[in-house]
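# Structural overview for review
Residues per chain are reported as follows:
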Amino acid sequence: MTFRVTAFLLLAGLIVPIYFNSLNADWHLDDEPNILLNPGLHLQTLSVESIGKALFADKVGRSGLYRPLACLSFALNWYVGEQDPFGYHLVNIGLHGATAWALYLLCLSLLEVHSGTRMLGKADLSSIALLAAALWAVNPIQTQAVTYIVQRMAVMTALFYVLGMHSYVRARTARSSFRRRLSYGACFIWFACGLGSKENAIVLPLALLLVEWIVFQGGRLDFVKRPSFWGAAGILTVIALCLGLALTGGAPLEYLQGKYVMRPFTMGERLMTQPRVVLGYLSQLLYPLPGRLSIAHDIPLSTSLFHPWTTLPAMAAVAAGIVLAILGARRYPLLAMAVLFFFLNHGVESTFYPLELVFEHRNYLPALLLFLPVAAGLQRLLVNLKRSNHKLHAATAGTLAMALIGLGMGTHTRNTVWATEKSLWTDAVRKAPGNYRALFYAGLQFAWDDDPTPAKYRLALRLFERCMGVVRQDLKDSDHDRASLLGNMASIFYRTGHDEKAIILFHRALDLRPDYGRARYDLMNALIRVDRLEEAVQQSEQLVALHPRRPDYQNGRGFLLLWSGRDDQALACFQKALGQGGSGDDLMLRTGVALTRLKSWRNGIWFLQQAARQRPTDPIPWLVMIENRLRAGDRKGAERSARRLVTKFPVTTIADSLKTIAPGHRRPPIAVALVRPLIGEALETGLTELLRHE
């Protein structure tokens, strides 16, 4: 027990400092559809109904059973801290620490059973297990699983996976039937929990078969001749088939074909490419410099066995590694188990399933046992050196300690890259300058920076232009990609006042993707600014036809119809926007203008008052209230509004507002000639009263 407590404290002492700087890291990529835009996870009460919705909350609010335990954990985080990423990171670090602790327990239990380590003392076994867990836990490649919030799914799966393996070993070594049944039951529960976190836990039964063969059967090949082996293999095959059919809706081939439709590669091309990718993962794990890690990688697609030339050698290397591990399982059991476990657990995400080609978090589970033979070898080296050369023993132990510190520093350094979207994608462009995703997302960060400058806009345009010549390796729809690029470039030109360039690019984007709502909406605004009002109205008509449930688009069309003199149609648009949950001062103001022009005086005043409360520094709602009262024949009410106006706002602010009543300035139409005389009278009256008091 003392060894376990010491190991727990040492692992915590390693993990907490190196991940502490990730606590305020930003949201990234799939965090948005899975958490921020997923209303099913936005838990407000701990009621049974709310928790049930969280368990069945698919991405972006879809309803379905999608990794329910992981979703529930996100929902509980939301209940405590909503959109603040601090709590999510805190839980991720805690889960990573728990997985490292469970890995230590698993390694220790495997070593206690392994015949080659039975002569070692408890302290030696604990040291090997601790070192194996530490080398895995502090490896910088794990930052993508731990610091990338949504990849908690991978972390939770690995935790339950390790606990399931540990329960199996305990069941096999239990001395009483009660403990054996209890441990087998726990193993099944952990397996179910793993599947409830992420689907790649499906290979746990095969991992248990691997442990049985190497650890308990000594790696003997004649094990496959036993009826018990074929019975276990048959049961596992049936379980795997049932789970596979359940996950693919009962039609796995059609399911995979449907997924590959969205990818720019075939199943054959992916299968040929993945050996190179997996060997790349292995090199990153064994030589994990932060400079070798990235959210995006330039990996050429293998289109044949000889293109690129490394395709066939990589396939041969993977096959040779698996064969040698099988043949050497009796002589080198720990090494064989580490190699076979690594490739086995890459079998889900690095073979048939049409995921993107590379993501480093996929190594979180496969690498669990990778450092166990390394730790055992280092322990044997230290024992031998301690007997023969004390100085060299001390130097080796010191070097090992420095290596752990170096790995921790690398993890800490890598976490700084995950701090913001900008830092993450700038780093990605530097390491993968030919990667479409890296270029595009980096461009977005500079294009829509909170503090935009001409230099940032120029840099964003250069990045987008480079994207135009790059093939996207994660999605097939090139028209969609080009439309997004053109739309973002057009938006930059619009924001920098180059309206005609923006209009040309918006049209090109819409030719490729007519349903591109954001581009059509921005095109509409660019046309307003160059006073091409009728074209803008036509664009707004197409916009609401394609996206009838968007209140902001209804609001924008209503604004144009106001300027076109179609007040009744404008009001209908504003009413639709309000009915769809639209809100905001613009919508209130414009509705008030429409009602005023349609002679619905009292209703108009109500909306204008709401707008005035929501935008207390803007005189426009008060100007419309003056117009409303004058048109209604309420001269005294108009005078009261005018007096309120001149006492609330400086004269220069009022004058500037009156000058900007034009389509290009995005102000609603106001009868300036009608309200200006009354404002002048209010100013004269106010000045007279001021002089009288003095």
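Look a little higher up for the structure.
Quick summary incoming for the structure in this document. (Residues numbered from 1 in each chain as written. Predicted model: local features only at pLDDT ≥ 70, side-chain atom pairs only at ≥ 80, totals over all residues. Heavy atoms only, no water.)

Scanning the protein chain from terminus to terminus reveals 32 helices and 0 strands. Here the protein chain holds 694 residues, and 50% of them are scored as buried. Charged side chains in the protein chain number 74 positive and 52 negative. The centres of these two groups are separated by 10 Å. (Helix = DSSP H or I, 4+ residues; strand = E, 2+ residues; numbered from the N terminus. Buried < 20%, exposed > 50% of the residue type's maximum accessible area, 1.4 Å probe, protein only. Lys, Arg positive; Asp, Glu negative; His and termini not counted. Charge placed at Lys NZ, Arg CZ, Asp CG, Glu CD.)

What follows covers the pattern of salt bridges. Opposite charge on two side chains permits them to pair, given that their charged atoms come into close proximity. On inspection of all chains with the given rule, the structure shows 24 salt bridges. Taking the shortest distance from any N to any O, the salt bridge between Glu349 and Lys198 comes out at 3.1 Å. Of the two residues, Glu349 is situated in the loop between α15 (333-345) and α16 (372-388) and Lys198 in the loop between α9 (177-195) and α10 (204-216); the sequence distance between them amounts to 151 residues. The pair Glu349 / Lys198 is uniform in exposure class, with both members buried. The salt bridge partner of Asp515 is Arg513, with a shortest N-O separation of 3.4 Å. Using a relative accessible area of 41% as the deciding quantity, one classes Asp515 as partly exposed. (Salt bridge = Lys/Arg side-chain N within 4 Å of Asp/Glu carboxyl O.)

Right, let's get into a nonpolar patch on the surface. A contiguous nonpolar surface patch, about 390 Å² in accessible area, is contributed by Leu46, Leu76, Tyr79 and Val80. Assignment of secondary structure puts Val80 in helix α4 (residues 68-81). Assessed through its relative accessible area of 70%, Val80 is described here as exposed. (Patch = residues over 30% accessible without salt bridge, like charges linked within 9 Å, V, L, I, M, F, W, Y side chains within 5 Å. Areas by Shrake-Rupley, 256 points an atom, 1.4 Å probe, with all protein chains shown as cover.)

This part covers the packing of helix α25 (residues 551-563) against helix α27 (residues 585-597). Look at α25 against α27: their axes get within 11 Å of each other, and the N-to-C directions meet at 35 degrees. By crossing handedness, the relation of α25 to α27 is classed as left-handed. Residues Asn555, Gly556, Phe559 and Leu562 of α25 form the contact with α27, whose participating residues are Asp586, Leu587, Arg590, Val593, Ala594 and Arg597. Classifying every residue of the contact of α25 with α27 gives 5 nonpolar, 2 polar and 3 charged. (Axes fitted to C-alpha atoms, helices over the stretch in contact; angles between N-to-C directions. Left-handed = near helix turned anticlockwise from the far one by under 90°. Contact = heavy atoms within 4.5 Å. Nonpolar A, V, L, I, M, F, W, Y, C, P; charged D, E, K, R; others polar.)

Between helix α6 (residues 122-137) and helix α17 (residues 390-417), the least distance of the axes is 9 Å, while the angle of their chain directions is 30 degrees. Regarding the angle of α6 to α17, the classification is roughly parallel. In this structure, α6 meets α17 at a crossing whose hand is left-handed. From α6, Leu131, Ala134 and Leu135 reach across to α17, where they touch Leu400, Leu404 and Leu407. Looking at the contact of α6 with α17 residue by residue, the classes come out as 6 nonpolar, no polar and no charged. (Parallel < 35°, antiparallel > 145°, perpendicular 65-115°, else oblique.)

The next thing to look at is the side chain of Asn200. Among the secondary structure elements, Asn200 is positioned in the loop between α9 and α10. The residues touching Asn200, leaving out its near neighbours within four places in the chain, are Thr157, Tyr161, Val348, Glu349 and Leu365.

Another aspect to go through is the environment of Leu533. By secondary structure assignment, the location of Leu533 is in helix α24 (residues 533-546). Separated by 432 residues in the primary sequence, Leu533 and Trp101 have C-alpha atoms spaced 66 Å apart. Apart from residues lying up to four places away in sequence, Leu533 is in contact with Leu527, Leu560, Trp563 and Ser564.

Applying the stated criterion to the full structure yields 17 aromatic pairs. Taking 6.2 Å as the distance between ring centres and 80 degrees as the angle between the ring planes, the aromatic pair formed by Tyr260 and Phe265 counts as edge-to-face. Judged on exposure class, the residue Tyr260 and its partner Phe265 are both buried. In textbook terms, an aromatic cluster arises when at least three aromatic residues are bridged by ring pairs, as seen for Trp425, Tyr436, Phe440, Tyr441 and Phe464. The ring of Phe216 has Arg172 sitting right over it, with the charged end atom 4.4 Å from the ring centre. Taking NZ or CZ as reference, Arg513 lies 4.5 Å from the ring centre of Tyr516, over its face. (Phe/Tyr/Trp six-rings, centres within 6.5 Å; stacked < 30°, edge-to-face > 60°. Lys NZ or Arg CZ within 6 Å of the ring centre and 35° of its normal.)

Before going further, it helps to spend a moment on the state of the cysteines. Counting across every chain of the model gives 0 disulfides. The thiol of Cys71 is unpaired, and the distance to the nearest cysteine sulfur, on Cys193, comes to 14 Å. (Disulfide = S-S within 2.5 Å.)

Here we come to the environment of Arg482. Following the sequence through the fold, Arg482 ends up in helix α21 (residues 478-495). Of the residues examined, Arg482 reaches a relative accessible area of 32% and is grouped as partly exposed. Leaving out residues up to four positions away in the same chain, Arg482 has contacts with Met468, Arg508 and Leu512.

Attention now goes to helix α20 (residues 454-467). Counted at 1.5 Å a residue, the expected span for α20 with its 14 residues is 20 Å, and the 20 Å between its end C-alpha atoms agrees. Within α20 the residues assigned to the buried category are Lys456, Tyr457, Ala460, Leu461, Leu463, Phe464 and Cys467. All buried residues of α20 project into a common sector of 165 degrees when viewed along the axis, lining one side. Turning to α20, the residues buried within the fold contact α18 (421-431), α19 (436-447) and α21. (Expected span 1.5 Å × (residues − 1). Arc of directions from axis to C-beta.)

What follows is about the environment of Pro17. Mapped onto the fold, Pro17 is located in helix α1 (residues 2-19). When the C-alpha atoms of Pro17 and Asp511 are compared, they prove to be 52 Å apart, with 494 residues separating the residues in sequence. Not counting residues up to four positions away in its chain, the partners in contact with Pro17 are Ala12 and His412.

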